[in-house]
Amino acid sequence: MASFELAQVNVARLLAPLDSAELADFVDLLAPVNQLAEASPGYLWRLQSEGGDATDIEGFRFDVDDSPGVIVNMSVWRDVASLSGFVYGGLHRQVLRRRREWFSRMTEAYTACWWVPAGHRPTVAEAEERVLHLRAHGPSSWAFTLQRAFDAAGAPAASDGVPDAVPDAVLDVDRASRPA
């Protein structure tokens, strides 16, 4: 549906401060990953401050726990296939494989997708609502994951948004628990 675009958010609980040696590799990868996203088919927009990334944008304070903080990544894409192609491909996939070096494992939902009217750019407050809804109610047309996606009309997607070639270690799930 051309009148809708796919918004996504993910939040990560830091293991160390962003300016620490422990997170230096992650911080060094931010610009190249963001540039890759912007050049990817289907990319439309990403949350960023004047610094060019979103690491200093406040949000998801309820997820800080005992960590040095959380970071928020939010973007808008043409469709699930475009977002999945970026998330599970190339450099971003390499970053996903290393995320346990930089971020705490979160047992609750830390990412959510939802459809927005074309041209709408979601706020962090909207993203927080979607993640909290997903945590409370599971995937639905209002807030879902790439593993259990819905189309813009609200129907479950014919197949999930995760390419079969993506290893379970990247997904943090047991492939048997993924929808058929």
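Use the structure listed above.
Below or above, wherever it landed, is the structure these notes cover. What you see is a predicted model, and the numbers here were worked out from it, not measured in a lab. (Residues numbered from 1 in each chain as written. Predicted model: local features only at pLDDT ≥ 70, side-chain atom pairs only at ≥ 80, totals over all residues. Heavy atoms only, no water.)

1. Observations regarding the sheet that holds strand S4 (residues 111–117)
The condition that has to hold: Strand pairing is assigned whenever DSSP detects at least two bridges linking the two strands. Under the DSSP-based scheme used, a helix requires at least four consecutive residues in state H or I and a strand at least two consecutive residues in state E, with every element numbered from the N terminus. Axis definition: a line fitted to C-alpha atoms, over the contacting stretch in the case of helices. Angles run 0 to 180 degrees between N-to-C directions. Contacts are assigned to residue pairs with any non-hydrogen atoms lying within 4.5 Å of each other.
Spatially, the four strands line up as an open sheet ordered S2-S3-S1-S4, and their pairing is antiparallel. Sheet topology places strand S2 (43–46) and S4 at the edges, where each strand pairs with a single neighbour. Averaged over neighbouring strand pairs, the angle between their axes works out to 25° when direction is ignored. Inspection of the sheet shows S2 paired to strand S3 (residues 70–77) by three bridges, in the antiparallel sense. Residue pairing for S3: Arg 46 is matched across the bridge by Ser 75. Helix-sheet contacts for helix H1 (residues 24–39) involve S2 and S3, and the interaxial angle to S2 is about 140°.

2. Observations concerning the pattern of salt bridges
What counts, and what does not: Salt bridge criterion: a side-chain nitrogen from Lys or Arg within 4 Å of a carboxyl oxygen from Asp or Glu. Think of it in three bands: with a 1.4 Å probe and only protein chains considered, a residue is buried below 20% of the maximum accessible area for its type, exposed above 50%, and partly exposed in between.
Considering all chains together, one arrives at nine salt bridges under this definition. Salt-bridge contacts for Arg 13 lead to Asp 63; the nearest nitrogen and oxygen are separated by 3.7 Å. Here Arg 13 is found in strand S1 (residues 4–13), whereas its partner Asp 63 is found in the loop between S2 and S3, with 50 residues between them in sequence. With respect to class, Arg 13 is no different from Asp 63; both count as buried. Between Asp 79 and Arg 78 there is a salt bridge whose closest N-O contact spans 3.4 Å. With a relative accessible area of 25%, Asp 79 lands in the partly exposed category. Its relative accessible area of 46% is what places Arg 78 among the partly exposed residues. Several salt bridges converge on common partners, so that one network encompasses Arg 13, Asp 63, Glu 108 and Arg 135.

3. A word on helix H4 (residues 124–137)
The condition that has to hold: A helix's residues, less one, multiplied by 1.5 Å, set its expected span. This arc is built from the directions going out from the helix axis to the C-beta atoms.
Taking 1.5 Å per residue, 14 residues should reach 20 Å; H4 reaches 20 Å between its end C-alpha atoms and fits that length. Buried within H4 are the following residues: Val 124, Ala 127, Glu 128, Arg 130, Val 131 and Leu 134. All buried residues of H4 fall inside an arc of 165° around its axis, so they share one side. Opposite the buried face of H4, by more than 90 degrees, sit the exposed residues Ala 136 and His 137. In this fold, the buried residues of H4 make contact with S1, S3 and S4. One or two residues past the end of H4 sits Gly 138, with phi positive at roughly 80°.

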